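A closer look at the structure
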Amino acid sequence: MAAPNPIQVQKYLSGIDYPASKEDIVATAEKEGAPGDVLDALKAIPGGDYDAPTAVTKAVSDKG
């Protein structure tokens, strides 16, 4: 399964404060109405804190 487009992922993370935990990232995406493929990709990233949007994007693309 291909990873979602990084721009699409970031669209659902607008307004999040970094550093952010995986749990915060997933919760924010859910609150913003992210589709299933984006949520699945975010739920698949390693746990821990992400210090910037680029770190989240990299984690998602590494899983794809």
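In what follows, the structure referred to is the one given above.
Residues numbered from 1 in each chain as written. Predicted model: local features only at pLDDT ≥ 70, side-chain atom pairs only at ≥ 80, totals over all residues. Heavy atoms only, no water.

Considering helix α3 (residues 36-43)
Where α3 is concerned, the buried positions are V38, L39, A41 and L42. Down the axis of α3, the sector holding all buried residues measures 160 degrees, keeping them to one side. (Buried < 20%, exposed > 50% of the residue type's maximum accessible area, 1.4 Å probe, protein only. Helix = DSSP H or I, 4+ residues; strand = E, 2+ residues; numbered from the N terminus. Arc of directions from axis to C-beta.)

Re the packing of helix α2 (residues 22-31) against α3
For the pair α2 and α3, interaxial distance at closest approach is 9 Å and the crossing angle is 175 degrees. With respect to each other, α2 and α3 are oriented roughly antiparallel. Contacts between α2 and α3 involve K22, I25, V26, A29 and E30 from the first element and L39, L42 and K43 from the second. Residues of the contact of α2 with α3, tallied by class, amount to five nonpolar, no polar and three charged. (Axes fitted to C-alpha atoms, helices over the stretch in contact; angles between N-to-C directions. Parallel < 35°, antiparallel > 145°, perpendicular 65-115°, else oblique. Contact = heavy atoms within 4.5 Å. Nonpolar A, V, L, I, M, F, W, Y, C, P; charged D, E, K, R; others polar.)

Shape descriptors only; they carry no functional weight alone.
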